[in-house]
Amino acid sequence: PELPPKYSAQSVASHGSSNGGSITLGRHATIYGEKLGPEKVCEGSEIELCGTAVRIGTENVLVTYASPGQVNFLVPDQLVATGEAELRVLRRGVAG
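Below, the structure is looked at part by part.

### Things to note about the sheet that holds strand β3 (residues 42–46)
In space, the five strands of this open sheet follow the order β1-β2-β8-β7-β3, with antiparallel pairing throughout. Looking at which strands have only one partner, the edges of the open sheet turn out to be β1 (12–14) and β3. The sheet shows a mean angle of 15 degrees between the axes of neighbouring strands, direction not considered. Two elements, strand β7 (residues 63–66) and strand β8 (residues 70–74), share three bridges in a ladder whose sense is antiparallel.

### Structural notes on the pairing of β7
One ladder, built from three bridges, connects β3 with β7; its direction is antiparallel. Residue pairing across strands places Glu46 opposite Val63, the latter belonging to β7. In this structure, the hairpin formed by β7 and β8 is closed by a connection of three residues.

### Section: the side chain of Asn72
Inspection of the secondary structure assignment puts Asn72 in strand β8. Looking at Asn72, the relative accessible area reads 12%, which means it is buried.

### As for the pairing of strand β5 (residues 52–56)
Across the five residues that make up β5, a large majority, four, are buried. Note: strand β4 (residues 48–49) against β5, two bridges, orientation antiparallel. When the bridges of β5 are listed, Leu49 appears paired with Thr52. A loop of two residues connects β4 with β5, the two strands running antiparallel in sequence, and Cys50 in this loop sits at a positive phi of about 50 degrees. Two strands pair when backbone bridges link them, and β5 and strand β9 (residues 87–91) are joined in this way by five bridges, in the antiparallel orientation. The residue of β9 that forms the bridge with Ala53 is Leu90. Bridging between β5 and strand β6 (residues 59–61) involves three bridges; their strand directions are antiparallel. Directly across from Val54, in β6, lies its bridge partner Val61. The antiparallel hairpin formed by β5 and β6 contains two residues in its connecting segment, where Gly57 sits at a positive phi of about 60 degrees.

Scoring rules and cut-offs
Residues numbered from 1 in each chain as written. Predicted model: local features only at pLDDT ≥ 70, side-chain atom pairs only at ≥ 80, totals over all residues. Heavy atoms only, no water. Pairing = 2+ DSSP bridges. Helix = DSSP H or I, 4+ residues; strand = E, 2+ residues; numbered from the N terminus. Axes fitted to C-alpha atoms, helices over the stretch in contact; angles between N-to-C directions. Buried < 20%, exposed > 50% of the residue type's maximum accessible area, 1.4 Å probe, protein only.

Everything listed here is a matter of geometry and, on its own, says nothing about what the molecule does.
Right under this line is the structure:
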């Protein structure tokens, strides 16, 4: 069985920010952890990139980079959720 991705709120940050645990609308962000993506680096711009997806609240967002220890994604300019929203990484359908 597929093991779930491992990461924490503090391992998520907008590019150029040193504040872990927060993201900015309309900016790229990064998640660091374990078992996040495929063994071989995968780059592109897909809702599910090489079996890796990111969901903020109920919205799937564009994933631009996926590797075992890092996922980059684009935070939309607008989200249905305001304030705090749950962020999930899914690897082959298994949520972390």
